[in-house]
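If you want the building blocks of each chain, they are given just below.
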Amino acid sequence: MSEAVTRTVTTPPGLLASLDPLLREWLPRQRWFAGKGRPVTGFDLVAATELLPATAKLGLYHLLVRAHQPLLPGHGGPELPGDCYQLFIGVREALPPRLAPALIGHVSQGPLAGRTVYEALHDTRPADLLLEALRTQARIGGLRFERDPRQEIRAGLVPRLMTAEQSNSSIVYGDTYILKLMRRVVPGINPDLELPLALAREGCPRVPPPTAWLVADAEDTPGPGEPYVLGVLQPFVQGATDGWELALRELAKGEDFVAEARSLGRATAEVHTALARSLPTVTLGHVQMRALVDGMTERLEAAVHAVPALRPYADGLRSAYTALDDLASEGRTWTAQRVHGDLHLGQCLRSPAGTWSLIDFEGEPARPLAERRMPQPVVRDVAGMLRSFDYAARTADPPQPEWATHCRAAYCSGYAEAAGRDPRTEPVLLRAYETDKAVYEAVYEARHRPDWLPVPMAALRRLASVDST
Ligand SMILES: Nc1ncnc2c1ncn2[C@@H]1O[C@H](COP(=O)(O)OP(=O)(O)O)[C@@H](O)[C@H]1O
Ligand SMILES: O=P(O)(O)O[C@H]1O[C@H](CO)[C@@H](O[C@H]2O[C@H](CO)[C@@H](O)[C@H](O)[C@H]2O)[C@H](O)[C@H]1O
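Residue numbers restart at each chain and count upward from 1, following the sequence in its written direction. Chains and ligands are labelled by the order in which they are written, letters from A for the one and numbers from 1 for the other. Where local features are concerned, this predicted model is filtered to residues with pLDDT of at least 70; where side-chain atom pairs are given and counted, the filter is 80 or more; whole-chain, interface and lining totals use all residues. Side-chain metrics rest on all non-hydrogen atoms present in the structure, leaving aside hydrogens and water.

## A look at the side chain of Arg-431
Right, so step 1: Counting from the N terminus, the helices are the DSSP runs of H or I reaching at least four residues and the strands are the DSSP runs of E reaching at least two. Following the sequence through the fold, Arg-431 ends up in helix 11 (residues 427-448).
Right, so step 2: At 3.0 Å, the side chain of Arg-431 and the backbone oxygen of Leu-463 are in polar contact. For this analysis, a polar contact is any N or O atom pair within 3.5 Å, provided that within protein one partner can donate a hydrogen and the other can accept it, and provided that sequence-adjacent residues contribute only side-chain to side-chain pairs.

## Structural notes on the site of ligand 2
Right, so step 1: A molecule or strand has a residue near it when one of that residue's heavy atoms lies within 4 Å. Around ligand 2, the neighbouring residues are Ser-167, Trp-244, Asp-342, His-344, Gln-347, Ser-388, Tyr-391, Tyr-440, Glu-441, Tyr-444, Arg-449 and Trp-452.
Right, so step 2: A distance of 3.0 Å separates an oxygen atom of ligand 2 from a polar side-chain atom of Tyr-444.
Right, so step 3: Within the side chain of Arg-449, an N or O atom sits 3.0 Å from an oxygen atom of ligand 2.
Right, so step 4: Isolated, ligand 2 exposes 540 Å² of accessible area, and the fraction of that covered by the protein chains is 87%.
Right, so step 5: A per-element tally of the shell around ligand 2 places helix 11 first, with three residues. Here, Shrake-Rupley sampling with a 1.4 Å probe gives the accessible areas, and only protein chains in the shown set may cover a residue.

## Quick notes on helix 10 (residues 401-419)
An α-helix turns once every 3.6 residues. As a result, residues three or four positions apart point the same way.
Right, so step 1: Across its 19 residues, helix 10 extends 27 Å between first and last C-alpha, which sits within 8% of the 27 Å expected from 1.5 Å per residue.
Right, so step 2: Throughout, exposure labels follow a simple rule: accessible area from a 1.4 Å probe, protein chains only, divided by the maximum for the residue type, with under 20% read as buried, over 50% as exposed, and the rest as partly exposed. Trp-403, Ala-404, Cys-407, Arg-408, Ala-410, Tyr-411, Cys-412, Gly-414, Tyr-415, Ala-416 and Ala-419 are the residues of helix 10 that are buried.
Right, so step 3: Throughout, a contact is declared for two residues whenever any of their heavy atoms are within 4.5 Å. Buried residues along helix 10 sit against helix 4 (243-252), helix 5 (258-278), helix 9 (379-395), helix 11 and helix 12 (454-464). To estimate how far a helix should extend, the number of its residues minus one is multiplied by 1.5 Å.

## A closer look at the site of ligand 1
Right, so step 1: Around ligand 1, 16 residues are found, and the nearest of them are Gln-166, Asn-168, Lys-180, Gln-234 and Val-237.
Right, so step 2: Gln-166 is positioned with one of its side-chain polar atoms (N or O) 3.0 Å from an oxygen atom of ligand 1.
Right, so step 3: With respect to ligand 1, the backbone of Asn-168 contributes an N or O atom lying 2.8 Å from an oxygen atom.
Right, so step 4: Computed on the free molecule, ligand 1 has an accessible area of 550 Å², of which 86% lies beneath the protein chains in the complex.

## Here's the deal with the packing of aromatic side chains
Right, so step 1: Here a Phe, Tyr or Trp ring, Trp counted by its six-membered ring, pairs with any other such ring whose centre lies within 6.5 Å, and the pair is stacked when the planes are under 30 degrees apart, edge-to-face when over 60, and tilted otherwise. Within this structure, the stated rule accounts for eight aromatic pairs.
Right, so step 2: Centroid distance Trp-26 to Trp-32: 5.9 Å. Interplanar angle 70°. Geometry classified as edge-to-face. Summarising the burial analysis for this pair, Trp-26 and Trp-32 share the class buried.
Right, so step 3: Between Tyr-440 and Tyr-444, the aromatic rings sit 6.3 Å apart at their centres with planes inclined by 25°, giving stacked as the arrangement. With a gap of four residues between them, Tyr-440 and Tyr-444 both fall in helix 11, about one helical turn apart.
Right, so step 4: Given a relative accessible area of 31%, Tyr-440 falls into the partly exposed group.
Right, so step 5: Above the face of the Trp-452 ring, Arg-449 is positioned so that its terminal group lies 3.8 Å from the ring centre. We call a charge positioned over a ring when the NZ of a Lys or the CZ of an Arg lies within 6 Å of the ring centre and within 35 degrees of the ring normal.

Rendered as C-alpha cells:
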C-alpha cells in the first residue's frame, strides 16, 4: 500500500470574484444545476483547493460554492442561503479544440486575468489526477481521498467523462471503474456511499462495492463530524444495459419482459434483506404512519397547486392516504428499514451475463438528507419499480398496458420468492406509495417533460378510482 500524500495548498485571494460573472452565466446551463428557473445572483465560497497551480500550463481548482438565487424570479428580493455545488475549474492560456465544449469563459480580472477557464472533468490530466489521488489516498488541502484498504486501484487507466443526462457527473476509467462526482452537495452522510458500503459489508453482490471516495470537511456548518461526500469510485459494470433501455427494446420487438421483471424483483429483495441485516430497522406505529401520511398529503396538495390537471382526482387520491391512516389507527404496524428511495428501471443495470445490479442510492435528490436516510417500508421501492413498468408500457407506441400488468405481477412474484413476503399482501400501503410516486411524477413531468404528463396522469386516474372501503 502506498503512503498517503498530504499537501497543504492555498488559493489566490480574489479567485471567486474573478470567476463570478462567468459562473453566473455558465452554472444555470448545466444539466445537473438544481435551481433551474431562478437566476444566480452571486456566490459564497465554501471551500477552495488548488489541485494544480494556475501558474503552470494547466491549473486546476476544486471549488465548493454556494449559489445565491432570489426566491421570486424577476422580483429580486430575499435570497435563501443557496445550494452548494462542487466545481472542477481548469485554467489554461487557451483551450485546444477538443476542449471547446468545456469552455466556461475568458477571465478579465483578478488573479486569473487573461486566462481561459473550463470544466476540467473533460480533460485527461485533471481526471488522471483524481484517480491517482484516490489510489494514493492523498490529502490535498481540505480534500481527503480515501479508499477501501483491501482494494488496490490500478494506475494509469484512461479516463472518459460520461455524456449521459445525469444529476451528477461521472468519469469512467478504462472500463474498470466509474467515479461519480456529486454536484449539488450537502454536509452529512451520503446514502450513495453509506448504503453500498453497508451492502458490501454484508457481501451483497447486487450493488457495485465502493472502492474509494472523496470527502471534504465542512467549515460552513456548526459542529464537527459532518463532512461533505463529494465522490464515489466503484467497479464499472462492463457492457451493461440499463433496465429502461432494455424494457423499451423488448417492447419495440413485441417481446415480454416477464423473466427480467422476476429477476429484478429477486434482486430488489436481496438488496432489501441485506440492508435490513446491516442497518437498523424500526417499527412504525400510528404516530409514525400519521407523519408519513401527512407528508404524502402535503405533497399531493402542493402538486394539485402546481399541476391543475390533478384537481379532478384529488379526492380519490386522498382516499389512498386516509385508507392507510385508518389501518394504522386500527393498530396495524409496519417494519421500516433503509431502502433505495428512488428505484426505477433506469437505476438497474443488467450485465451481459444477465445479472442485475442496482445503482444510485442517493434517494430523491430534491428531498432533505435526513428524510432520505429515514427507515421506510420496503414497499416504497417496490412501488417505484411498479410505476416504472407502467411508464415503459405507456411510452411504447402503441401503449401496451397488458405488458406492464405482466411485468408488475412477475416483479412481485420474484420479490416474494427471495424475500419470503409478497408486496401484494399490502395493497393499501402499495396503493399509497404508488400514488405518492405518481403525484411526484406528475409534477416532474409538468416541469421537465410536459409531453410525458399523460403517463403519470393515466396511473393517477386508476389510483384515484380504487375502492378502498
Ligand atoms: N457501476 C456502474 N457500471 C456501469 N455503469 C454505471 C455504473 N454506475 C453508474 N453507471 C452509469 O452511469 C449512469 C449515471 O449513474 P447514476 O449513479 O444514476 O448517476 P446520477 O446520480 O448522476 O444520475 C447510469 O445511468 C449508468 O448508465
Ligand atoms: O434522474 P433521476 O434518476 O434522479 O430521476 C428523475 O428522472 C427520471 C426520468 O429520467 C424520472 O423517472 C420517471 O421516468 C422514467 C422514464 O424516463 C421511469 O422509468 C420512472 O419510473 C419515472 O419515475 C424520475 O421520476 C425523476 O426523479
